[in-house]
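# Report on the structure
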Amino acid sequence: MAFNPDSDGVNHVNVYSGGKTELGRFLSNFAKTPFVCEDGEFASIEGYWYWLGCNHPRREELRRSFGFGAKKLGRDLRSPDWGGNTPDFQGKIKRAIECKLNSYPAMKALLQHNTLPLKHYYVFGNGPSAKIHFDHRSDWIIAHIASFQEK
């Protein structure tokens, strides 16, 4: 079965900020989806991700960041992209995802009733020449989100 942008929303949901479905875009770490978790308030999972790995005086700016701006700020502040990928880090991210879902009951219900498999891939370009990249480092995130789907 081919998973690509043409079949996003047909035979799968791409959890990606540029995905074709509202659910896929919402589930992306980039989405501006304010939530409160064990470490306080954040505008996005992406901001929280970099906040966790950051030891910089400007760290608190990450609380209000989302989208590529969160990634750029996190990198500018020398926070690792995947360097904090430890069991403790993963546990905090998983709990934050749960807090995010609980903050948006309609989207959580949409996820629970979704019967399509969740995938995560990047799309570079448009049309037939578009390049697709699956980054399997995020498989644990997709598996955690999928655990909220009704079986």
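To be clear, the structure that these remarks concern was listed above.
A brief look at the structure comes next. This structure is a prediction, so every number in the text was calculated from the model and none was measured.

Reading guide: rules and limits
Residues numbered from 1 in each chain as written. Predicted model: local features only at pLDDT ≥ 70, side-chain atom pairs only at ≥ 80, totals over all residues. Heavy atoms only, no water. Phe/Tyr/Trp six-rings, centres within 6.5 Å; stacked < 30°, edge-to-face > 60°. Helix = DSSP H or I, 4+ residues; strand = E, 2+ residues; numbered from the N terminus. Buried < 20%, exposed > 50% of the residue type's maximum accessible area, 1.4 Å probe, protein only. Lys NZ or Arg CZ within 6 Å of the ring centre and 35° of its normal.

## As for the packing of aromatic side chains
Using the criterion set out here, one finds 11 aromatic pairs in the structure. Taking the centre distance of 5.8 Å and the plane angle of 90° together, the rings of Tyr16 and Tyr122 count as edge-to-face. Of this pair, Tyr16 sits in the loop between strand E1 (13-14) and helix H1 (22-27) while Tyr122 sits in strand E5 (residues 121-124), and the two are 106 residues apart along the sequence. Exposure remark for Tyr16: the relative accessible area of 14% places this residue in the buried category. By relative accessible area, which is 28% here, Tyr122 ends up partly exposed. A centroid spacing of 5.1 Å and a plane angle of 50° characterise the contact between Tyr121 and Phe134, whose relative ring orientation is tilted. Here Phe134 lies in strand E6 (residues 131-134) and Tyr121 lies in strand E5, a separation of 13 residues in the sequence. For Phe134, a relative accessible area of 31% translates into the label partly exposed. Chaining the aromatic ring pairs together yields one cluster made of Phe35, Phe42, Tyr48 and Trp51. The side chain of Lys100 reaches across the aromatic face of Phe26, ending 4.9 Å from its centre.

The analysis is restricted to geometry; functional conclusions fall outside its scope.
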